Amino acid sequence: MKARLCLQDGKSYEGFTSKGYKNAIQGEIVFFTGMTGYQEVLTDPSYRGQIVVFTYPLIGNYGINLEDAESKEVQVNGVVMFHCAGVASHYQSVQSLGDYLDERGVPFLTGVDTREVTKEIRTGGTRQAILTQNDDYEFLPPESRQIDQVKGAKIETHGEGLIHIGLIDFGWKKSILQKLLEYDVRVSVIPYSEITQVDDLKLDAVVLSNGPGDPKDVSNKLPAIKKMLDVYPTFGICMGHQVIALAYGADTIKLAFGHRGANHPVKDVVTGKVFLSSQNHNYVVDEASLIETPLAKRFYNVNDDSIEGLMHETKRIMSVQFHPEANPGPEDAEWLFDDFLQLVKKKEVKAYV
């Protein structure tokens with residue numbers, strides 16, 4: 001069946017859908033450049049409410065498995081592909097990608113020139129888009145505060161170990177929890193709205209998770225977050241990195257089309273080394289706003305020089321804009337978890353700048 005992808009500025013692209021749907025589906029349109037990892041993308045809470053365009057022309061060839069979902073449900077509003085493989089070929093596959101999306105009521109288009117759409121997003125930036133089979137549709141005001149749609153409702157504890165880490169939930173990915181548990185620690189997942197309970201849990205350190213939308217959506221919690229950061233060794237990932245910056249008085253700005261993919265080069269200003277990273281974000285820390293803060297740049301993006309990581313000059317606080325736990329994706333940055341656990345065990349940190 002024919003369907004269309006309609007952008008808010010009037011441009012449209014025709015494609016095909018395997019299953020009819022009555023209502024137009026709206027979301028912020030973004031693109032992902034990775035060749036693999038579509039299951040993780042679809043279930044990553046950071047993509048909540050978005051329509052994802054996959055730039056690689058063949059998606060779904062290894063199907064869907066029982067291991068790679070980053071959350072319990074599909075988070076995206078819709079999917080756009082050039083071709084969706086009808087037959088999956090992988091020993092762990094339990095379902096084709098198309099069947100998986102249809103079963104969950106997530107509309108997807110195929111036969112669309114995704115590279116052309118990507119160029120349009122790069123030129124004009126991310127914007128609202130609609131997937132529809134009808135000529136009669138209307139753009140509604142975009143959803144806000146997606147973070148409140150994905151955070152958990154209560155504190156949950158996983159694993160065992162002498163070190164107790166609090167994972168502050170802005171929309172956490174399963175792979176972050178899995179990576180932490182590999183270090184034989186106990187992890188309590190704490191919804192950001194319950195951050196005042198942190199002191200009652202007798203934590204040794206905290207990790208601030210990824211999440212969807214604008215980091216300033218948590219502005220009302222920044223005083224409590226700042227109080228927590230001043231006490232505990234901290235590691236911020238993606239939105240967690242941005243929230244740390246906001247808590248210490250820095251600012252965040254929105255990129256034109258964001259960073260989403262598994263091949264973004266990042267440089268470490270301490271070692272001079274460049275490595276590949278997996279990324280998914282619309283916002284970055286404004287470097288100029290760091291001047292009056294105790295935070296210093298540790299990593300930057302080789303492509304556009306944007307901030308990719310921070311270190312506190314005197315406290316045991318580190319953060320990254322990318323995903324060092326990326327699954328799948330490059331494993332170049334997994335050493336950051338080693339560094340964080342070593343930071344937890346130290347009594348103080350010396351300024352490196």
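Up top is the structure these notes are about.
Residues numbered from 1 in each chain as written. Predicted model: local features only at pLDDT ≥ 70, side-chain atom pairs only at ≥ 80, totals over all residues. Heavy atoms only, no water.

A. Representation of the sheet that holds strand 14 (residues 234-237). Here we have 10 strands laid out as an open sheet, ordered 10-12-11-13-14-19-18-17-15-16, and mixed in their pairing. Looking along the sheet, the strands with just one partner apiece sit at the ends: strand 10 (156-158) and strand 16 (274-285). Strand after strand, the sheet turns through a mean of 25 degrees between neighbouring axes, direction not considered. Across 10 bridges, strand 15 (residues 252-268) lies against strand 16 in antiparallel orientation. Within strand 16, the position partnered with Ile253 by the bridge is Val284. (Pairing = 2+ DSSP bridges. Helix = DSSP H or I, 4+ residues; strand = E, 2+ residues; numbered from the N terminus. Axes fitted to C-alpha atoms, helices over the stretch in contact; angles between N-to-C directions.)

B. Region of interest: the pattern of salt bridges. This structure, assessed with the given rule, holds 17 salt bridges. Arg4 is paired through a salt bridge with Asp135; the nearest N and O atoms lie 3.0 Å apart. Of this pair, Arg4 sits in strand 1 (residues 2-7) while Asp135 sits in the loop between strand 9 (127-132) and helix 4 (147-150); the two residues are 131 residues apart in sequence, bridging distant segments of the chain. The partly exposed category is assigned to Arg4, whose relative accessible area is 22%. With a relative accessible area of 70%, Asp135 lands in the exposed category. A cluster of three or more residues bridged by salt bridges with shared partners is formed by Asp9, Lys11, Glu120 and Arg127. (Salt bridge = Lys/Arg side-chain N within 4 Å of Asp/Glu carboxyl O. Buried < 20%, exposed > 50% of the residue type's maximum accessible area, 1.4 Å probe, protein only.)

C. Examining the environment of Asn263 more closely. Relative to the assigned elements, Asn263 resides in strand 15. Given a relative accessible area of 45%, Asn263 falls into the partly exposed group. C-alpha of Asn263 to C-alpha of Met311: the two residues are 48 residues apart in sequence and 23 Å apart in space. Ignoring sequence-local partners within four residues, the contact set of Asn263 consists of Thr33, Leu276 and Ser277. (Contact = heavy atoms within 4.5 Å.)

D. Broad picture of the nonpolar core. Ranked by size, the top nonpolar core spans 30 residues in total, and within it Ile168, Phe170, Leu208, Ile225, Met228 and Leu229 carry the most contacts. Looking at this core, the elements with two or more residues in it are strand 13 (205-208), helix 6 (222-229), helix 7 (239-247) and strand 18 (307-312). With 6 residues, the top contributor of residues to this core is helix 7. Not counting residues within four places of it along the chain, the set of residues in contact with Ile168 comprises Ile190, Tyr192, Ile195, Val198, Val207, Leu208, Ser209 and Met228. Formed by 28 residues, the second largest nonpolar core is a distinct cluster that contains Phe235, Ile237, Val266 and Phe340. (Core = buried A, V, L, I, M, F, W, Y, C linked by side-chain atoms within 4.5 Å.)

E. Broad picture of the packing of aromatic side chains. Scanning all chains against the criterion turns up 12 aromatic pairs. Both rings, one in Phe235 and one in Phe337, keep their centres 5.6 Å apart while their planes meet at 80 degrees; by these two values the pair is edge-to-face. Note that Phe235 is positioned in strand 14 and Phe337 in helix 8 (residues 335-345), a separation of 102 residues in sequence. Phe337 carries the same exposure label as Phe235, and that label is buried. Site record: aromatic cluster; members linked through ring pairs are Phe275, Phe299, Phe322 and Trp335. (Phe/Tyr/Trp six-rings, centres within 6.5 Å; stacked < 30°, edge-to-face > 60°.)

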